[in-house]
Amino acid sequence: MSKEFTGELSLNRAEESFRAGVCFCSFEASDNWLEKASYLHPQEHEYFGTLKFEKRRKDYLLGRYCAKRAIQVLGQDARPERIFIDHGVFNQPVVVNRGNIQVSIAHSDGFGASIAFPESCPMGIDIERVDISKNEVLESQMTQEETKLIDLFPFSYQAALTSLWTFKESLSKALRTGLTTPFHSFEVSRVEVEGRCATGYFRNFSQYKVISFDLNNLICSITYPKDFKLYMGVNSLEDFSVSLRNLNQEA
C-alpha cells in the first residue's frame, strides 16, 4: 500500500484569502505502482508510454498522481483521468483544463509531493532527501552571505544545506523558470525559526517567502507570496510538519 497525506492549505491577508491543496505520497517497494496509471489522462498516458527507464516512469506517475490528488482537494473533477497536466516550455507542469488551477510538483527518492493553487496566488514546492554525499555540491551553490545563515536552522548541518537548496528550487517553481535561472539569483537574505520550521526570505524576490520542514531527513519547502499567512486547515504548520514526519517514517 502507498502512504499518502492530503490536505488543504489556506493563505490569508486582510480580507483576501486563497485555498491550496497538497498531497504527499510514497510508493512502497511492494506496491503495484503501475495501477496508479489509471489516474493518467489519455495524452499523459501516451507520453508515459514513451518513457523507457523505470525510475523516470515511476517519478512521472508519482508526480501526476500527487498533483491530481491535490487538485481534488480543491473540489475539482473527482475523475483524475479527465485532468490533463501538460509540459510547459521550461518543462514546468501546466494544468490545461481546470480553469485557473495550476500545480507545482516535486519528487525525491520515491517520495512525491504536489501543491495545487489558483494562478492568482503562485506557489512552489520542492522536496529533497538529506544526503551527506551531496554536501559539496550544495555548498557550491551557497553565497557568502548564506553561509552565515546555516547555524540559524533548527536542523542538522546537512539538513540545513538541503533546506537552502529547496528554498531556491521551490521559488524557481513558483516563478515557473525552473533551473533556467542561476541559483545565486535566488539568494536567501534572512532566515527565521518557529518551532521545527524555518522561514526564508529572498534578496531579489522580496515578494515571496518560503517555509521549510524536516520530515525525517526529507526536506520539504513551500514558497508563497510574502504578505500572506499560511495555515494547514485548522492545524498549525507545526502540526502539519508532524503529520508529514509520521508519514515519512511509515513509508
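To be clear, the structure that these remarks concern was listed above.
**Some details on the pairing of strand β6 (residues 111-118)**
Looking down a regular strand, the side chains alternate between one sheet face and the other.
Thinking step 1. Burial runs high along β6: eight of the eight residues are buried.
Thinking step 2. Side chains of β6 alternate between two faces, with F111, A113, I115 and F117 and G112, S114, A116 and P118 buried alike.
Thinking step 3. Note that strand β2 (residues 16-26) and β6 share six bridges and pair antiparallel. When the sheet's bridge partners are listed, C25 is paired in β6 with G112.
Thinking step 4. With eight bridges connecting them, strand β5 (residues 101-108) and β6 associate as antiparallel partners. From the neighbouring strand, I105 faces β6, where its bridge partner is S114.
Thinking step 5. Taking the residues that link successive antiparallel strands as the turn, the β5-β6 hairpin has two residues, and the phi of D109 there is positive, at about 55°.

**Quick notes on the sheet that holds strand β12 (residues 229-232)**
The strands that make up a sheet pair up through hydrogen bonds in the backbone, lying either parallel or antiparallel.
Thinking step 1. Spatial strand order, β5-β6-β2-β1-β12: five strands in an open sheet with antiparallel pairing. Strands with a single pairing partner mark the edges of an open sheet, and in this sheet they are β5 and β12. On average, each strand axis in the sheet is tilted by 20° relative to the strand beside it, whichever way the strands run.
Thinking step 2. Here 11 bridges tie strand β1 (residues 3-13) to β2, and the two strands are oriented antiparallel to one another. In the sheet register, L9 faces β2, and the bridge partner there is A20.
Thinking step 3. The sheet strands contacting helix α2 (residues 54-73) are β1, β2, β5 and β6, and the helix crosses β2 at an angle near 145°.

What counts, and at which threshold
Residues numbered from 1 in each chain as written. Predicted model: local features only at pLDDT ≥ 70, side-chain atom pairs only at ≥ 80, totals over all residues. Heavy atoms only, no water. Buried < 20%, exposed > 50% of the residue type's maximum accessible area, 1.4 Å probe, protein only. Helix = DSSP H or I, 4+ residues; strand = E, 2+ residues; numbered from the N terminus. Pairing = 2+ DSSP bridges. Axes fitted to C-alpha atoms, helices over the stretch in contact; angles between N-to-C directions. Contact = heavy atoms within 4.5 Å.

Don't take any of this as a statement about function, it's just geometry.
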